[in-house]
Amino acid sequence: MSKVYIGIGSNLGDRHKNCLRAVELLKESGLSVTKQSPVHETEPWGLTEQPAFFNMAVEIETGLAPTELLGLLKKIEKDMGREETVRWGPRIIDLDILLYDDIVLNTEALIIPHPLMHEREFVLAPLAELAEGLIHPVLKKKIGDLLKAIDA
C-alpha cells in the first residue's frame, strides 16, 4: 500500500460540506483515509476575483497506481458536479494528488509532487497538520519548513 496526500478545496456552494463530502466519497471508493486535517478558509490564489476557498488535506493508503488514483479523483470531482472553467477559477470541488510516497513523476497528465504546492499556503498549512516532518522528494525540505518559508 502506498501513502498518498490529497489536497481538497471548494469555493462554490456549501464549501465546508463539499470538502467533507469529497472525503466520504474517497472512503466509499475504497480508499483508506488514515488522517484528515481540519478545514481552513483561505483566499483564492492565482485568480483572486472569486469567492474564498475552504481547503483541507487527507492522508490515504491505496493500492492504486498514481494514474489510476488520478482517474478516481477526476470521477469524484465530476460526480460532485465539477465543471471545467478557467484555470484556477471557481469550483465546487478540487482534488489534487500532492505527494505519493516519495515518487517523482512528470507526465503530461500528472506531476507528482504537485508542482506548485511549495508556493501555496492553502496547501501546505493543512498538509503540515498531517505530516509536518515529511520531506518533499524534490526540494528535500520538510513540509513544515516549506510552510515557514511562505510565512516569512
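Residues numbered from 1 in each chain as written. Predicted model: local features only at pLDDT ≥ 70, side-chain atom pairs only at ≥ 80, totals over all residues. Heavy atoms only, no water.

Novice: Even after reading the chapter, I still don't get the packing of helix α3 (residues 121-131) against helix α4 (residues 143-151), so can you show me in this structure?
Specialist: When two helices pack together, their arrangement is given by the angle between the helix axes and by the axis-to-axis distance. Direction vectors running N to C along α3 and α4 enclose 145°, while the axes themselves pass 9 Å from each other. Crossing hand, α3 versus α4: left-handed. Taking contact as the criterion, the partners of Glu121, Leu124, Ala125, Leu127, Ala128 and Ala131 in α3 are, on α4, Ile143, Leu146, Leu147, Ile150 and Asp151. Residue composition of the contact of α3 with α4, grouped by class: nine nonpolar, no polar and two charged. (Axes fitted to C-alpha atoms, helices over the stretch in contact; angles between N-to-C directions. Helix = DSSP H or I, 4+ residues; strand = E, 2+ residues; numbered from the N terminus. Left-handed = near helix turned anticlockwise from the far one by under 90°. Contact = heavy atoms within 4.5 Å. Nonpolar A, V, L, I, M, F, W, Y, C, P; charged D, E, K, R; others polar.)

Novice: Would you mind going over the side chain of Asn11 with me for this structure?
Specialist: By secondary structure assignment, the location of Asn11 is in the loop between β1 (2-10) and α1 (15-28). Judged by its relative accessible area of 2%, Asn11 falls in the buried class. A distance of 2.9 Å separates a polar atom in the side chain of Asn11 from the backbone oxygen of Pro51. At 2.8 Å, the side chain of Asn11 forms a polar contact with the backbone nitrogen of Arg91. Setting aside chain neighbours within four positions, we find Asn11 in contact with Gln50, Pro51, Ala52, Phe53, Pro90 and Arg91. (Buried < 20%, exposed > 50% of the residue type's maximum accessible area, 1.4 Å probe, protein only. Polar contact = N/O pair within 3.5 Å; in protein donor to acceptor, adjacent residues only side chain to side chain.)

Novice: I tried to follow α1 on my own but got confused; where do I start?
Specialist: Residues spaced three or four apart along an α-helix point in a common direction, a consequence of the helix completing one turn every 3.6 residues. In this model α1 runs 20 Å from its N-terminal to its C-terminal C-alpha over 14 residues, within 8% of the 20 Å that 1.5 Å per residue would give. For α1, the set of buried residues is Asn18, Cys19, Ala22, Val23, Leu25 and Leu26. End-on, the buried residues of α1 take up no more than an arc of 165°, which puts them together on one face. Looking at α1, the residues exposed on the side facing more than 90 degrees away from the buried face are Lys17 and Glu28. In this structure, the buried residues of α1 make contact with β1, β2 (32-36), β4 (53-62), α2 (66-79) and β5 (94-100). One or two steps after α1, the chain reaches Gly30, where phi turns positive at roughly 95°. (Expected span 1.5 Å × (residues − 1). Arc of directions from axis to C-beta.)

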